[in-house]
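Residue-level listing of the chains:
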Amino acid sequence: MFTFREMFASLAPFFNFREMLASLAPFFTAAVVIVLSPFVKEHIPSAVSDYLVSMYEKWVSRFSTPQVTLVIEEKGDLKVRNQIYDAARAHLRTLITKSTKPKRFKVSKVGRQNESAIDIVENEDVIDIFEGIRLNWKLDGEDSDNDSDTYFELSFDKGFENKVLESYIPGIVDRYESSQNDDNVAVKLYSRDGSYGDWSHVIFKHPFTFEKLAMDSKQKEMLIKDLNRFIGRKDLYENVGKAWKRGYLLYGPPGTGKSSLIAAMANYLKFNIYDLKLSGRCTDEDLRSILLSTTNRSILVIEDIDCGAELDDQRTESDSFTLSGLLNIIDGLWSNCGQERIIVLTTYDKDKLDPALLRPGRMDVHVHMSYCTIDGFELLASNYLQIEGDHHLYRQIKGLLKNVEVTPAEIAGELLKSGGTDVVLRGVVEFLEQRELGKAKAAELKELLKRADIDVDAEGIVKFLKQKKLENVKAAKAEQLLNSGDTDVDVEGLCQNFQAKKI
Ligand SMILES: Nc1ncnc2c1ncn2[C@@H]1O[C@H](COP(=O)(O)OP(=O)(O)OP(=O)(O)O)[C@@H](O)[C@H]1O
């Protein structure tokens, strides 16, 4: 014969007692509502109804364990992204994709993505079970105008705080971090809207690799070795107490492949790119939070560093960022947050930069991106036209390349034109010949200006354009235009103009 207790114990695995009680709760609630309804209240003494209510509350509290709720904000007090929030979001996406779906969830598919993506929605409970602990996640504040109001609430039974804080959450964060470092994970390109905007990202699909990059082969080899040494030196950086970061300065005219080199570095290392456009509205404070909101294993890129804003320390910190603010980002205290960080600055003319910025420890490696060399041309021709070995037009092209300055971007533009290999290469010859002609014309212009006793040369013209507050890059393009054979320069008119300006 079974006792009642034994019978109950044998049935226990099949019933969740608390759930059973939870399902009975509506009946008890109904009982209390009846007791408290005005009609019943009129007919039973208040002492009796109070007693029934307190009994009900006691009964309910016997079976319900107090809950603890953790709040995980998207952005903390420093207004920078909270990694636990990002990790939690990724965990919940995987959870609802792989296991039971909540009652409401989002589904979307963008562009050429192979599969549709599932995501959680606001105010919807998502249940996770970890080592028998029931964890209730809820997203809130996503519809708010202020994105620092978005947060997760994670509720669970009191008493499991340590387990959740010491095992569950760290596990989620670890999985998130290693998924970000996974070789198969696509590289992301982050950019920001305005100085206060948040980083938003797209999948970086730039197929550039070092093999495709036309640059001095020794320099390329040195760079790859340097990157390998950098990522393999975690212990060394730790032992000597240095931040695990490295700065690269890429300098050279527009179109010589600075952006392409950054793409090759990111694809090689599988590091995300943070593309920072510095504007005068960005303050030192902004720079600090920008740095804090980037993740490990990333490349922070500041292109055309000489054009973003006049860098000097005369400006006050509240106006816009200062040189010392930037130096702080690069090697000051703030740069010690995080690991495996690369900073890349690009410029047209490195002589324009403050020497303080170029010091080793700040910009550790300086890479000169030059005009197209003969080797560079051969590599581009092999990339674009799949020419292996020699071609009968190469001799002529190589001869012309020795005399003129053309960027790899210009050669790439020619090689992309339609037609068979011979037609395209003949196009390259014509292009280079025109450039050679342009060079002669520019020399002639210089000579005429000199003869007209105008103390200005080609560089002087560029200087004039700069005085007119044209940006450096634009001025470089103007210089290129003046040098190009396509420019039909009215030399006399130009002379008169300069005389009038008394340059
Ligand atoms: N060194 C190079 N090797 C191979 N392709 C190159 C190289 N330089 C330029 N290109 C080609 O020209 C295009 C433009 O070059 P890229 O934007 O990398 O130059 P850049 O120096 O960064 O120019 P800018 O300073 O104007 O941004 C590239 O997409 C690539 O196709």
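It should be noted that the structure appears before, not after, this text.
Residues numbered from 1 in each chain as written. Predicted model: local features only at pLDDT ≥ 70, side-chain atom pairs only at ≥ 80, totals over all residues. Heavy atoms only, no water.

(A) Up close: the overall build of the protein chain. The secondary structure content of the protein chain amounts to 20 helices and 13 strands. Looking at the protein chain as a whole, 39% of its 503 residues qualify as buried. Summarising the internal contacts of the protein chain: among those between residues at least 6 apart in sequence, 68% fall at separations of at least 24. Surface accessibility of the protein chain: about 29,400 Å² in total, with carbon and sulfur atoms responsible for 53%. (Helix = DSSP H or I, 4+ residues; strand = E, 2+ residues; numbered from the N terminus. Buried < 20%, exposed > 50% of the residue type's maximum accessible area, 1.4 Å probe, protein only. Contact = heavy atoms within 4.5 Å. Areas by Shrake-Rupley, 256 points an atom, 1.4 Å probe, with all protein chains shown as cover.)

(B) Seen up close, the side chain of Q219. Mapped onto the fold, Q219 is located in helix α7 (residues 217-231). Non-local contacts of Q219, meaning those with residues more than four positions away in its chain, are made with H366, V367 and H368.

(C) Seen up close, the site of the ligand. Taken together, the neighbourhood of the ligand is formed by 16 residues, with A214, G255, K258, S259 and S260 sitting nearest. Residue T256 places a main-chain N or O atom 3.2 Å away from an oxygen atom belonging to the ligand. At a separation of 2.9 Å, an oxygen atom of the ligand approaches a polar side-chain atom of K258. When the free accessible area of the ligand is taken as 620 Å², the share hidden by the protein chains comes to 76%. If you list the elements that add at least two residues to the shell around the ligand, you get α9 (258-269), α14 (374-385) and α16 (408-415). With three residues, α9 is the single largest residue contributor to the shell around the ligand. Here the shell around the ligand is built from residues that sort into nine nonpolar, five polar and two charged. (Near = heavy atom within 4 Å. Polar contact = N/O pair within 3.5 Å; in protein donor to acceptor, adjacent residues only side chain to side chain. Nonpolar A, V, L, I, M, F, W, Y, C, P; charged D, E, K, R; others polar.)

(D) Seen up close, the environment of D119. Secondary-structure assignment places D119 in strand β3 (residues 117-119). With 14 residues separating them along the chain, D119 and F105 place their C-alpha atoms 5.9 Å apart. Dropping the residues within four chain positions of it, D119 is found in contact with R89, R93, I96, F105 and K106. A polar atom in the side chain of D119 sits 3.2 Å from the side chain of R93.

(E) Highlighting the packing of α14 against helix α15 (residues 394-403). In contact at an axis separation of 10 Å, α14 and α15 are set at 135 degrees when each is read in the N-to-C sense. With respect to α15, the element α14 is oriented oblique. Read as a crossing pair, α14 and α15 show a hand that is right-handed. Residues I374, F377, E378 and A381 of α14 pack against Y394, I397, K398, L401 and K402 of α15. (Axes fitted to C-alpha atoms, helices over the stretch in contact; angles between N-to-C directions. Parallel < 35°, antiparallel > 145°, perpendicular 65-115°, else oblique. Left-handed = near helix turned anticlockwise from the far one by under 90°.)

(F) Main features of unusual backbone geometry. Of note, the phi angle at K270 is positive, near 60 degrees, even though the residue is not glycine. Although it is not a glycine, R297 adopts a positive phi angle of roughly 50 degrees. The topology assignment puts R297 in the loop between α10 (284-292) and β11 (298-302).

(G) The sheet that holds β11, seen in detail. Taken together, seven strands build an open sheet; the order of strands is β8-β7-β10-β11-β12-β9-β13 and the sheet is mixed. Looking at strand neighbours, the two that pair on one side only are β8 (199-203) and β13 (365-368), the edges of this open sheet. Shown here is a sheet whose adjacent strand axes are inclined to one another by a mean of 25 degrees, direction ignored. Pairing geometry for strand β9 (residues 245-251) and strand β12 (residues 341-347), over seven bridges, is parallel. Each bridged residue has a counterpart across the sheet, and for R246 the counterpart in β12 is I342. Against the sheet, α7 makes contact with β9, β12 and β13, and its axis sits at roughly 150 degrees relative to β13, the strand it touches most. The strands touched by α9 are β9, β10 (272-276), β11, β12 and β13; relative to β12, the strand with the most contacts, the crossing angle is about 170 degrees. (Pairing = 2+ DSSP bridges.)

(H) Geometry of the pattern of salt bridges. The tally for this structure, following the rule as stated, stands at 15 salt bridges. In this structure, D125 and K138 form a salt bridge, with 3.8 Å as the shortest nitrogen-oxygen distance. Taken together, the positions of D125 in the loop between β3 and β4 (126-130) and K138 in strand β5 (residues 133-140) put the pair 13 residues apart, joining distant regions of the chain. The salt bridge involving D275 is made with K277; its shortest N-O contact spans 2.9 Å. Its relative accessible area of 17% is what places D275 among the buried residues. Taken together, the shared-partner salt bridges connect D226, R229, R246 and D364 into one network. (Salt bridge = Lys/Arg side-chain N within 4 Å of Asp/Glu carboxyl O.)

(I) Just the nonpolar core, in detail. If you look at the biggest cluster of nonpolar residues, it comprises 29 residues, and the most contacted ones within it are Y248, L261, M265, I342 and V344. Of all the secondary-structure elements, those providing two or more residues to this core are α7, β9, α9, β11, β12 and β13. Leave out the neighbours within four places in its chain, and M265 touches F210, L227, Y248, I299, I342 and V344. Residues W199, L287, L300 and L358 belong to the second largest nonpolar core, which totals 27 residues. (Core = buried A, V, L, I, M, F, W, Y, C linked by side-chain atoms within 4.5 Å.)

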